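Residue strings, one per chain:
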Amino acid sequence: MKKVKYFNKTIPAIILIVAGSLFLSYSCDLVDSIEDIKPFYQLTEEATFTDNIKTESVLNGVYTAWKAQYIHLFTAETMLLSGNYEPKGTGADLFENNVDVDNSYLSGYYKDYYSLIQRANYLIKAMQSDASIPGLSTTRRIEIEAEALMHRAMAHFFLLRSFGQFYDTDSNLGIVLQSEPLSGNNDNPRATVQACYDLILADLDYAMANAPSTATAGRLTRHAAKAMKAKVLLYLEDWIGAADLALEIINSEVYELETDFLDLYAGGYNSGEVIFAPISIYPLGISPAGSSSYPPGELLKQVTDKSVGEPSDGDMVSGEGFDPRFSYAHSSASLIPGVYNNKYPFPFRMNQQGGSPFILRLGEMYLIYAEAKARLATVVDTEALAKLNAIRLRAGLLNAEPATKAELLEAIRIEKQLELFGEFNEPWFDMVRYHILGDINISEIKSTITTNDQLILPFPTRALSGNGGLVQNPGYTL
């Protein structure tokens, strides 16, 4: 994996965990230290894992953790980093790529992910113990462990690409790994980036072999683990591995590419294309603001305008002249009251489906495969181009006809921007990866980015104050 060569350029989080009979709930309030572990009830095998029903309830609590407020509020804010969205009331520091270490959403985001990891670790430890759990079969016990390991892998990966130098496996600036439940205050140093990937991949490999083969909407399977590993390998520049796994998912017939992108969003987490999205039911679902309440930025408008017709003929009212996906999501004529982005088209009605963000879906696998295959070739790879054009055809666009490998790679990056904007912020990380790989100069796209230090987030002040072993990222003040 290449090191940075352009420009000259955790911790334990606060974990407030309550062992309930149906699910785990936790406080969103930060206490004096993000690192301070003060559970209302200590989760132990003896107290919690007394039968199969309580064990499944703890697993449900791990799934529930994906609906944490700040995971979605701050993920929406990170969409400002790329310029695809513009600030509205909050987020000016992210839009200017000068993130405030005291940003309250940043602290909440950091805490919520480590809270999720803490929940998963309690469950993993219990499943790996010798303690008997009445009513829980050995097969199901292994499946639960695999699901919990996948939750941990995903949370660690999303933290690494936010706060660590994920693009350099030789870097010491990874994140604080949590592979055991925390039971007190600790000064935990950052792991190396390579060590972070090692744990993430080990967890995913176990899940690929042992997670359930099938599941209902909102649950993780071994296929989801395979899809997640394809994404991780793309970040690791393992082009062969990423392409092979993405193609396995595409050909598995477990998921189906919707023939019309409108059906994808209308189905939400129930869509046959969705690999993993948290189930959101109002009033206890995901905050609507987490589904992107920011207006589209000029950069996204320009890219979507160039996608069809003339480069400057887009009409924000009718949506004419823009890429169909953008018109559907953001033209004012298509929006209904209470909906900020038609990718999340569900109005705020009690006890009905809400706007769950798509964390993994089949459309992204097509584009992961396309990029990986394109990078392996020296000319325009026909298989990569075919997968790219399958996504374009689904959107109602003409086939792309790049003449060179470089043109194909850029077409894939832009297509991911057009396909995934307003979702889980993949377009920003594509910008970072392409910049590190030398395919683009990110400062020419976003002039506020002048140093590689801005490619990752700072650790929040409260995380630093609670963990004496945590070192701030370069370029940010304490």
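Analysis parameters
- Residues numbered from 1 in each chain as written.
- Predicted model: local features only at pLDDT ≥ 70, side-chain atom pairs only at ≥ 80, totals over all residues.
- Heavy atoms only, no water.
- Helix = DSSP H or I, 4+ residues; strand = E, 2+ residues; numbered from the N terminus.
- Buried < 20%, exposed > 50% of the residue type's maximum accessible area, 1.4 Å probe, protein only.
- Areas by Shrake-Rupley, 256 points an atom, 1.4 Å probe, with all protein chains shown as cover.
- Expected span 1.5 Å × (residues − 1).
- Polar contact = N/O pair within 3.5 Å; in protein donor to acceptor, adjacent residues only side chain to side chain.
- Axes fitted to C-alpha atoms, helices over the stretch in contact; angles between N-to-C directions.
- Parallel < 35°, antiparallel > 145°, perpendicular 65-115°, else oblique.
- Left-handed = near helix turned anticlockwise from the far one by under 90°.
- Contact = heavy atoms within 4.5 Å.
- Nonpolar A, V, L, I, M, F, W, Y, C, P; charged D, E, K, R; others polar.
- Salt bridge = Lys/Arg side-chain N within 4 Å of Asp/Glu carboxyl O.
- Phe/Tyr/Trp six-rings, centres within 6.5 Å; stacked < 30°, edge-to-face > 60°.
- Lys NZ or Arg CZ within 6 Å of the ring centre and 35° of its normal.
- Lys, Arg positive; Asp, Glu negative; His and termini not counted.

Student: Mind showing me how you'd approach the overall build of the protein chain here?
Tutor: For the protein chain, the count of helices and strands is 18 helices and two strands. Looking at the protein chain as a whole, 60% of its 478 residues are labelled buried. Carbon and sulfur atoms make up 51% of the accessible area of the protein chain, which amounts to about 17800 Å² in all.

Student: I keep staring at helix α5 (residues 104-128) and nothing clicks. Help me out?
Tutor: Side chains of residues three or four places apart in an α-helix project in the same direction, reflecting 3.6 residues per turn. Here α5 is 25 residues long and its end C-alpha atoms lie 36 Å apart, about the 36 Å a rise of 1.5 Å per residue gives. Extensive coverage of α5 is indicated by the burial of 21 of its 25 residues. With a side-chain oxygen positioned 2.8 Å from the backbone nitrogen of Y105, the residue opening α5 is N103.

Student: Sorry if this is basic, but what is going on with the environment of D112 here?
Tutor: If you trace the backbone, D112 turns up in helix α5. In sequence terms D112 and A155 are 43 residues apart; their C-alpha atoms lie 9.6 Å from each other.

Student: Sorry, what's going on with the packing of helix α13 (residues 362-376) against helix α15 (residues 405-420) here?
Tutor: Angle between the axes and distance between the axes are the two parameters that describe a pair of packed helices. Viewed as axis vectors pointing N to C, α13 and α15 meet at an angle of 165°, and their least axial separation amounts to 10 Å. One finds that α13 runs roughly antiparallel with respect to α15. The two elements α13 and α15 cross, and the hand of that crossing is left-handed. The residues of α15 that touch α13, namely those facing E364, L367, A370, E371, A374 and R375, are K405, L408, L409, I412, E415, K416, E419 and L420. Broken down by class, the residue content of the contact of α13 with α15 amounts to seven nonpolar, no polar and seven charged.

Student: So what exactly am I meant to see when it comes to the packing of α13 against helix α14 (residues 382-394) here?
Tutor: The N-to-C vectors of α13 and α14 enclose an angle of 155°; their axes lie 8 Å apart at closest approach. Considering the angle they form, α13 stands roughly antiparallel to α14. Here the hand of the crossing between α13 and α14 comes out left-handed. Between α13 and α14, the contacting residues are G363, Y366, L367, Y369, A370, K373 and A374 on the first element and E383, A384, K387, L388, A390 and I391 on the second. When the residues that make up the contact of α13 with α14 are grouped by side-chain class, the tally is nine nonpolar, one polar and three charged.

Student: Which parts of the structure should I look at to understand the pattern of salt bridges?
Tutor: A side chain with one charge can pair with a side chain of the opposite charge if their charged atoms come near. Per the counting criterion, the structure on display carries 28 salt bridges. One salt bridge connects R361 with E273, and the closest N-O pair in it is separated by 2.8 Å. Here R361 is found in strand β2 (residues 360-361), whereas its partner E273 is found in the loop between α10 (261-267) and β1 (274-276), with 88 residues between them in sequence. In this structure R361 comes out as buried when scored by relative accessible area, which is 1%. Taking the relative accessible area as the measure of exposure, E273 reaches 0% and is therefore buried. One salt bridge in this structure joins E410 and R413, with 2.8 Å as the shortest N-O distance. Here the residue E410 and the residue R413 both occupy positions in helix α15, the gap between them amounting to three residues, near one helical turn. Residue R413 is classed as buried on the basis of its relative accessible area, which comes to 7%. Residues joined in a network through salt bridges with shared partners are E273, D323, R325, K343, R361, R392, R394, E415, E419 and E423.

Student: Explanation requested: the packing of aromatic side chains in the structure shown.
Tutor: Each aromatic ring pair is characterised by the separation of its centres together with the angle its planes make. Across all of its chains, the model carries 23 aromatic pairs by this definition. Relative to F459, the ring of Y110 lies with its centre 5.8 Å away and its plane at 80°, an arrangement referred to as edge-to-face. Of this pair, Y110 sits in helix α5 while F459 sits in the loop between α17 (442-445) and α18 (461-466), and the two are 349 residues apart along the sequence. Across this residue pair, the class does not change: Y110 and F459 are buried. The ring of F421 carries K343 above its face, with NZ or CZ at 3.9 Å from the centroid. A cation over an aromatic ring shows up here: R433 above the ring of Y235, its NZ or CZ 5.3 Å from the ring centre.

Student: Any chance you could explain the side chain of R190 here in plain terms?
Tutor: Counting through the fold element by element, R190 comes out in the loop between α6 (138-163) and α7 (193-210). For the buried R190, which has no salt bridge, the nearest side chain bearing the opposite charge is D453, at an N-O separation of 10 Å. A distance of 2.8 Å separates a polar side-chain atom of R190 from the backbone oxygen of G174. Within polar-contact distance, the side chain of R190 engages the backbone oxygen of V471 at 2.9 Å.

Student: Can you help me understand helix α16 (residues 426-436) in this one?
Tutor: Where burial is concerned, most of α16 is hidden: 11 out of the 11 residues are buried. Regarding α16, the residues found buried are E426, P427, W428, F429, D430, M431, V432, R433, Y434, H435 and I436. Looking at the buried positions of α16, the neighbouring elements they touch are α6, α8 (222-235), α13, α15 and α17. Note on α16: the residue one or two positions beyond its end, G438, has a positive phi of about 85°.

Student: How do you make sense of the environment of P87 when you look at a structure like this?
Tutor: Here P87 shows up in the loop between α3 (69-78) and α4 (92-95). Separated by 207 residues in the primary sequence, P87 and Y294 have C-alpha atoms spaced 6.1 Å apart. The residues contacting P87, other than those within four sequence positions of it, are L80, A92, F95 and Y294.

Student: Got a minute to help me understand unusual backbone geometry in this structure?
Tutor: Negative phi characterises most residues that are not glycine, and trans characterises most peptide bonds. Across the junction of Y282 and P283, the peptide omega takes the value 10°, indicating a cis bond. If you trace the backbone, P283 turns up in the loop between β1 and α11 (298-307). Positive phi is not limited to glycine here, since N97 has a value of about 55°. Checked against the element boundaries, N97 lands in the loop between α4 and α5. Owing to a relative accessible area of 4%, N97 belongs among the buried residues under this scheme. For N351, which is not glycine, the phi dihedral falls at a positive 65°. Among the secondary structure elements, N351 is positioned in the loop between α12 (324-330) and β2.

Student: Help me out: how do you make sense of the environment of A202 in this one?
Tutor: Inspection of the secondary structure assignment puts A202 in helix α7. Overall, the relative accessible area of 42% leaves A202 in the partly exposed class. Taking the C-alpha atoms as reference points, A202 and A153, 49 residues apart in sequence, are found 8.5 Å from one another.

Worth remembering: the numbers are spatial, not functional.
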